Amino acid sequence: MEKKSLISPNIFVNEEEKTLVWEDVQKSFESNFGTEIYQSWLKNITLLKEFNDHLILGVPTRFFRDWIVSRYLDKILSQLKSFKNSINRVEFKITEDHKINSIGSLKSEDLNKVTEISDSILNYNRLNVNLNFENFVAGSSNEIALSSSKKVCEQIARYNPLYIYGGVGLGKTHLLNAIGLELEKKTNVMFISAERFMYHFIKSIKKNDMVNFKDFFRKSSVFIIDDIQFIRGKEGLQEEFFHTFNSLMDKSAQIIISADRAPMKLDRVQERIKSRLSGGLVVDIDVPDFELKTKIIRKRLEDIQQQFKEKSDISEEVVNFLANECKTNIRELIGVLNRVVTFSRIHKKVLTISDCKNILKDVFNQAKVITVDRIQNTVSNFFSIPLAEMLSQRRSRPLARPRQIAMFLAKKMTTRSLPEIGRRFANRDHTTVIHAVKTITRISEKDDEMKKNINHLKSLLLEE
Ligand code: ADP
Ligand code: MG
């Protein structure tokens, strides 16, 4: 009767051999670091050799290695650990550096490749067709940013520049990309992250090819630059950006910028640039509320359903749980949802909240463990009845209902078995717990008040 959830928290690990499936690791890099960083840097990492406690990874050049090590190493390591906990270090081997000598100039064979710069520019100028306006879900936290983005598409250079700012994973890149896709239909669009702008700036300096670089960026009619905060503290880059910006404004090209903060809050950025950035329309994206989060989840579930042509078995309860648990970051929310859905599909299982907690252990590892004690305390406080009374043998409804609710929550939110839960409730029998779970489930299906109380209690327990 008691179904045990023998679920490994990590579905991507081959349990027998504990070898990494590099493709899956790469996928997790993409969802955790975002497409931009992934495409620019992490995609190029290959797995050369795997040991129990360390890995040897290949990167194309010294520049790549230094860049990745200085910025992403900690996070890469913790990602790798989530796949294989025994890993405690990684080494990088450079796989292609022979092309470039120690001063960083190219050998003559490479200088013959005249198309190289434009090819690589094409590569990073690629817009993602999936990040469009149709699948951007509107909510109160992003509606101004969304409507401003649409207006820019209707009338170029009316709001110039358009500056969108907000925290990580809230949809800035998505909106910028959607604008790019829309405007690409009528004119030439340059879409680049400040990080890539930097990368190509340095590369062009090394190759003595600044003329090409300047021309390239100044000839676009729409210039979209993502994560401009990246230029903080980099004087040379700021100089270059400033000139690019001015020459684009002079010819009435539309400029769209995103950042993690308001223009005037960008420290270590020249004043003249900050005032240029705030000279048009500045809008922000706020953290999503519960409603937007659940809307996004439902939209994703629909998409997945269409993709796999099967009904997804994600319950309302799980949707609410995920929306509650992922407080601010939409990227994380989607990542977590993907994992839950994959798990449910592979194991053909309707997931409970405690399954989800298991699956997402490493994501929510900072989350508090929910214990039977905590549930009992929270419930007795919520209904303002003394804990001893709630646990007592008295059967009056004002005591019995909260007691049953507490048992119900203990079953749903902890991994304790029915007999264990019974014991914690003044040595009751497991059949009493089963009865409580059934009763509360039945009532909350019909009674809104009960449903509300249960949800409220859950969110109290999850938030504490
Ligand atoms: P940011 O650039 O602000 O860090 P992104 O634009 O990369 O965030 O968004 C992170 C993820 O969340 C992307 O997969 C994006 O498609 C998704 N996302 C963000 N906001 C929304 C939204 N309102 N509707 C649908 N998906 C969204
Ligand atoms: Mg972004």
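Criteria and cut-off values
Residues numbered from 1 in each chain as written. Chains lettered and ligands numbered in written order. Predicted model: local features only at pLDDT ≥ 70, side-chain atom pairs only at ≥ 80, totals over all residues. Heavy atoms only, no water. Pairing = 2+ DSSP bridges. Helix = DSSP H or I, 4+ residues; strand = E, 2+ residues; numbered from the N terminus. Axes fitted to C-alpha atoms, helices over the stretch in contact; angles between N-to-C directions. Parallel < 35°, antiparallel > 145°, perpendicular 65-115°, else oblique. Left-handed = near helix turned anticlockwise from the far one by under 90°. Contact = heavy atoms within 4.5 Å. Nonpolar A, V, L, I, M, F, W, Y, C, P; charged D, E, K, R; others polar. Near = heavy atom within 4 Å. Polar contact = N/O pair within 3.5 Å; in protein donor to acceptor, adjacent residues only side chain to side chain. Areas by Shrake-Rupley, 256 points an atom, 1.4 Å probe, with all protein chains shown as cover.

**Student:** Help me out: how do you make sense of the sheet that holds strand S2 (residues 54-59) in this one?
**Tutor:** Two orientations exist for strands paired in a sheet by backbone hydrogen bonds: parallel and antiparallel. The strand order across the open sheet formed by three strands is S1-S2-S3, and the pairing between neighbours is mixed. The sheet terminates laterally at strand S1 (46-50) and strand S3 (89-94), the two strands that pair on one side only. On average, adjacent strands in this sheet sit at an angle of 30° to one another, irrespective of strand direction. As defined by bridge partners, S2 adjoins S3 across six bridges and the pair is classed as parallel. Note on S3: the bridge partner recorded for leucine 57 is phenylalanine 92.

**Student:** Please explain the packing of helix H9 (residues 210-218) against helix H10 (residues 235-250) as it appears in this structure.
**Tutor:** Between H9 and H10, whose axes approach to 9 Å, the crossing angle comes to 40°. Put simply, H9 runs oblique to H10. Helix-helix and strand crossings are classified by hand; for H9 and H10 the assignment is right-handed. Residues Met210, Phe213, Lys214, Phe217 and Arg218 of H9 pack against Glu240, His243, Thr244, Ser247 and Leu248 of H10. Residue composition of the contact of H9 with H10, grouped by class: four nonpolar, three polar and three charged.

**Student:** Sorry, what's going on with the site of ligand 1 here?
**Tutor:** Taken together, 17 residues form the shell around ligand 1, and within it Val137, Gly169, Lys172, Thr173 and His174 come nearest. One of the backbone N or O atoms of glycine 171 is found 3.0 Å from an oxygen atom in ligand 1. Note that an oxygen atom of ligand 1 is positioned 2.7 Å from one of the side-chain N or O atoms of threonine 173. Here ligand 1 has 560 Å² of accessible area as a free molecule, and 89% of this is covered by the chains. For the shell around ligand 1, the secondary structure elements donating two or more residues are helix H7 (172-184) and helix H14 (330-347). Class assignment of the residues belonging to the shell around ligand 1 gives a composition of eight nonpolar, seven polar and two charged.

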